[in-house]
Amino acid sequence: MSLVYITHHNENIFNLEREPEKPQEASLEVHATSKKAAKFSKGLRDRLSMEYKKHSMITLKDGMRLLTDAKKSYHRTMGCANVPLNPPCAYLRKNQGVKWRRENLHVCPKGGHMPPLPEMGKKEKKADMVPNFVLRNIRCARSTVRCPPPPRYVDTPVGTRQNLLNSGMVPQFVCRKDFGKVPVYIEKTKKMLKQMHGVCCKEQARLMELCGGMKLSESMEALTKPTRADGAPPEMPGMRVMDQAERNDILVGLRAHLNEMTKSYQSMSLLIDSENKRQRKGKLESDLRQLEQDILLLETSPIIYVSLY
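Scope of this entry: the structure provided in the associated data block. (Residues numbered from 1 in each chain as written. Predicted model: local features only at pLDDT ≥ 70, side-chain atom pairs only at ≥ 80, totals over all residues. Heavy atoms only, no water.)

Some thoughts on the overall build of the protein
Across its full length, the protein carries six helices and seven strands. Along the protein, from the amino end to the carboxyl end, the secondary structure elements read α-β-β-β-α-β-β-α-α-β-α-α-β. When each of the 309 residues of the protein is scored for burial, the buried share is 8%. Taken as a whole, the protein presents about 30200 Å² of accessible surface, with 59% of it coming from carbon and sulfur. (Helix = DSSP H or I, 4+ residues; strand = E, 2+ residues; numbered from the N terminus. Buried < 20%, exposed > 50% of the residue type's maximum accessible area, 1.4 Å probe, protein only. Areas by Shrake-Rupley, 256 points an atom, 1.4 Å probe, with all protein chains shown as cover.)

Structure follows, in structure tokens:
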């Protein structure tokens, strides 16, 4: 049996249930790219924080005001609470005005090894890869064949010269290869018309077969001619022939309506300066055109069928 000696009475029951100890994680190796990225991000954060803390105007010790490219500044909108005033003895005193200076952040880049300067009186020999354009142009100009002048003729004693090419004195178009031949576009047009004529002939033959061996004009005449013994037009199922009295009544009503619309059209204003007038004029013109077509149809058609339904 063992004995336990308690020397410090600081025991607490809540310390009995402790969390299990976490195993120590193995050390992770950081890649070189991650180190480079972390370094770059740290530099960017430092630069941004420095720019944020920087003000657009900094007052130096000698009183000169330094202008920077920062966006932040003191009292941008409301201004200072108390504007300091110069004493009367400093009014218009020399070199007492506000002095400004722009911050210069330009840094010259570090250049590589520069070649030494050439000695005095010594010409530097250029590389062979660089072409000499001046010498090349001189050689090309020497070897170029001179362009011959165009043929001309003199038509006055004073010596007035005219071009001979398009004057009509030289047979110019006779020497062409297509002289005296039918143009290509006319040949294409003839070929296209021939093909269309063939298509029309086939369609006409098909229609003659449908009409029972008669031409289209003959079939239309057969429909208009009376075929019954009493001289009346042929009967159509569900249709009736319009008699002359009904035709005359319709013509009288159409002509009266045409006169009314013509009168209203002629009574319109001469100045059409609004969209409403323009639409009304267009509607009257279309209605008049339709009335004239209907009257012409009733006057020229000998037989008109009317539906019974």
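Thoughts on the side chain of Arg-247
Mapped onto the secondary structure, Arg-247 falls in helix H5 (residues 244-266). No salt bridge is formed by the buried Arg-247; the nearest opposite charge belongs to Asp-243, separated by 7.6 Å. In this structure, Arg-247 is in contact with Met-242, Leu-298, Ser-301, Pro-302, Ile-303 and Ile-304, ignoring residues within four places of it in sequence. (Lys, Arg positive; Asp, Glu negative; His and termini not counted. Salt bridge = Lys/Arg side-chain N within 4 Å of Asp/Glu carboxyl O. Contact = heavy atoms within 4.5 Å.)

Quick word on the pattern of salt bridges
Using the criterion set out here, one finds 10 salt bridges in the structure. For Lys-54, the salt bridge goes to Glu-103, with nearest N and O atoms at 2.9 Å. A residue pair is termed long-range when its members are at least 10 positions apart, and Lys-54 in the loop between helix H1 (32-53) and strand E1 (57-59) and Glu-103 in the loop between strand E3 (100-102) and helix H2 (133-143) qualify at 49 residues. Residue Lys-54 is classed as partly exposed on the basis of its relative accessible area of 23%. Classification of Glu-103 as partly exposed rests on a relative accessible area of 23%. The residue Asp-178 makes a salt bridge to Arg-176 at a minimum N-O spacing of 3.5 Å. The class for Asp-178 is partly exposed, based on a relative accessible area of 43%.

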